[in-house]
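Structural description and commentary
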Amino acid sequence: MAKEEIALLWGSRFSKELNEDVNDFNSSLPFDKILYKYDIKGSVAHATMLCHQGIISENEKDEIIGGLSEILAEIESGKLQFDYNFEDIHSFIEANLVKKIGATGKKVHTSRSRNDQVALDIRLYLKDEIKEIQKLILNLIKTLMDFSNNHLETIMPGYTHLQRAQAVTLAHYLGAYIEMFKRDKERLDDTYKRVNVLPLGAGALAGSPYNIKRNLVAEYLGVDSICLNSMDAVSDRDFIIETLSDLAMVMTHLSRISEEIIMWSSFEFKFVELDDSYSTGSSIMPQKKNPDILELIRGKTGRVYGSLTSILTTMKSLPLAYNKDMQEDKEPLFDGIKTVKNCLKILPDVIKTMKVNKEKMLQAAKEGFLNATDVADYLTKKGLPFRDSHNIAGKLVSYCINSKKTLDELSMDEFKKESSLFDDDIYSAIDIKNSVISKKEIGGPNPETVKHVLELNKIWLSDNEI
Ligand code: ARG
């Protein structure tokens, strides 16, 4: 730990220097350095309020803000290098301020503790990062919408239990993911409200004895409201847990869509082909084209779940208020944010550049009796209770399997043998295209319906622009 830091922060109470290993173990600077600009922003707002309240003079405020602005510029230009002997970003910046402007620099910490300072820094950092992630989610949604627009009539099988179930379209299939990512964006909106709260003014835990005005600091920082309990302000990290939980959900959805495309690009499916620029080869098997990028997204999902679990476990059973355990919130949070951003950045391009094999998809939808439910629905529309219709359709499927036929290859006599309700219109009712068209109520795969939903989603997009 740097000597000037100890002297500045708490040295007078101690008679020995900190053990070197303890120093490395204790320091969060190697990772919390990324908070530097939020730390400075918070200090500027705090000093401005202290001056407004007459706690420091106008000159002192100007000196402090001048020094902090220089530090910001020097960190950004690389002129000021981080010294890992410091305990954290807060003490590093404060010590540099004192080095720059002398004793006045020490006044910036009036009515403040690193406990409310760190809570503020993370909140300000998260406000930016949440918006960044939301922009990336919106871009992914746009990509999926554009892609879907070209595949309103691309028929493919829909699955349950990974068994071919009923015919849908590629636009409808991807539409499911559009809905998931919309909710992900909205979940982050909600979390943002609870992040956008000011802890500063809580002090170490028991508030401030100075004539401060927390509302002013909130106003300077563009923070919507203030934490109403000083102990809560410095001791909870639920806003981090909530953000990581939202991100874990984003990763669940990214992982599922990646898995679909991995399967679709396999030799067994051959529904899509990934662009060479987003695939990798094998060092031993020359024929291989591997979906590594998608596999990595799937794999990194575990990493984000790990971050969430880590911070949940850290917070469990901690007594109020601040405990150093909470320094362990940062690495999982930063890693989670970085990972989600990287995945969201790369997936849209993988999708944009992949080729769809419409014939293969259609062929797969035609095989496997995906229209068996349409046979049952046909009979039900003619008055038969659905359970009985289902039974008859089942018998016909079994007959087809034994006689190696598809349902549309059955003769009228073969249909009639099972029910006299069958008529010539059965053939158009079980045509795979008509099967898709028939599901026209909103939420269904009918191309006009999906087009309408895409229009609704365009409105959603313009309402959700950032
Ligand atoms: N580096 C610390 C953290 O990340 C900052 C708060 C330190 N507070 C304290 N009382 N030691 O949690």
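Quick notes on the rules
- Residues numbered from 1 in each chain as written.
- Predicted model: local features only at pLDDT ≥ 70, side-chain atom pairs only at ≥ 80, totals over all residues.
- Heavy atoms only, no water.
- Core = buried A, V, L, I, M, F, W, Y, C linked by side-chain atoms within 4.5 Å.
- Buried < 20%, exposed > 50% of the residue type's maximum accessible area, 1.4 Å probe, protein only.
- Helix = DSSP H or I, 4+ residues; strand = E, 2+ residues; numbered from the N terminus.
- Contact = heavy atoms within 4.5 Å.
- Near = heavy atom within 4 Å.
- Polar contact = N/O pair within 3.5 Å; in protein donor to acceptor, adjacent residues only side chain to side chain.
- Areas by Shrake-Rupley, 256 points an atom, 1.4 Å probe, with all protein chains shown as cover.
- Nonpolar A, V, L, I, M, F, W, Y, C, P; charged D, E, K, R; others polar.
- Patch = residues over 30% accessible without salt bridge, like charges linked within 9 Å, V, L, I, M, F, W, Y side chains within 5 Å.
- Salt bridge = Lys/Arg side-chain N within 4 Å of Asp/Glu carboxyl O.
- Expected span 1.5 Å × (residues − 1).
- Phe/Tyr/Trp six-rings, centres within 6.5 Å; stacked < 30°, edge-to-face > 60°.
- Lys NZ or Arg CZ within 6 Å of the ring centre and 35° of its normal.

Examining the nonpolar core
Ranked by size, the top nonpolar core spans 106 residues in total, and within it L254 and W264 carry the most contacts. Looking at this core, the element that brings in the most residues is helix α7 (residues 114-149), giving 16 residues. Residues within four places of W264 in sequence aside, it is in contact with M156, L170, Y173, L174, F269, K270, F271 and V272. Judged by nonpolar contacts, the second largest core, of 18 residues, contains L379, L384, M412 and F415.

Quick notes on the site of the ligand
The environment of the ligand is made up of S28, D88, H90, R114, N115, V118, Y322, Q327 and K330. In the environment of the ligand, a nitrogen atom lies 2.9 Å from a nitrogen or oxygen atom belonging to the side chain of N115. One of the side-chain nitrogen or oxygen atoms of Q327 is found 2.7 Å away from a nitrogen atom of the ligand. The protein chains hide 87% of the 340 Å² of surface that the ligand would expose on its own. Here the shell around the ligand takes 3 residues from α7, the largest share from any one element. Here the residues of the shell around the ligand sort into 2 nonpolar, 4 polar and 3 charged.

Points about a nonpolar patch on the surface
Taken together, L205, M231 and L320 make up a surface patch of nonpolar side chains, about 270 Å² in accessible area. Note on placement: L320 falls in the loop between α12 (292-315) and α13 (330-353).

Re α7
Relative to the 52 Å expected for 36 residues at 1.5 Å per residue, α7 spans 52 Å between its end C-alpha atoms, a close match to the ideal helical length. Buried residues dominate α7, accounting for 27 of its 36 residues. For α7, the side-chain oxygen to backbone nitrogen distance between the N-cap and N115 is 2.8 Å, and the N-cap itself is S113.

Things to note about unusual backbone geometry
Following L320, the chain continues to A321 via a peptide bond in cis, the omega torsion being 0°. Along the chain, A321 falls in the loop between α12 and α13. Phi at S317 takes a positive value of approximately 70°, unusual for a residue other than glycine. The topology assignment puts S317 in the loop between α12 and α13. Positive phi, close to 50°, is recorded for K404, a residue that is not glycine. Structurally, K404 is set in the loop between α16 (386-402) and α17 (412-418).

A few points about the packing of aromatic side chains
Any aromatic ring pair is given by two values, namely how distant the centres are and how the planes are angled relative to each other. Per the counting criterion, the structure on display carries 10 aromatic pairs. Considering the side-chain rings of Y159 and F269, the 6.1 Å spacing of their centres and the 55° angle between planes classify their relative orientation as tilted. Taken as a pair, Y159 in strand β1 (residues 155-160) and F269 in the loop between α11 (238-264) and β5 (272-273) lie far apart in primary sequence, 110 residues in all. Accessibility assignment for this pair places Y159 and F269 in one class, buried. Through a chain of ring-to-ring contacts, the aromatic side chains of Y378, F415, F422 and Y427 assemble into a single cluster. The lysine or arginine in question, R123, covers the ring of F239, its NZ or CZ lying 4.0 Å from the ring centre. Here the guanidinium or amino end of K270 rests over the ring plane of F267, the centre of that ring lying 3.8 Å away.

Observations concerning the pattern of salt bridges
One pass over the structure, following the stated rule, counts 27 salt bridges. The residue K79 makes a salt bridge to E74 at a minimum N-O spacing of 3.9 Å. Using a relative accessible area of 64% as the deciding quantity, one classes K79 as exposed. Accessibility expressed as a relative area gives 15% for E74, which makes it buried. Between E259 and R298 there is a salt bridge; the shortest N-O distance is 2.4 Å.

Regarding the environment of M251
Within the secondary structure layout, M251 lies in helix α11. On the accessibility criterion, M251 (0% relative accessible area) is buried. Sequence separation between M251 and K270 is 19 residues; the distance between their C-alpha atoms is 25 Å. Leave out the neighbours within four places in its chain, and M251 touches I297, K300, T301, V304, V340 and C343.

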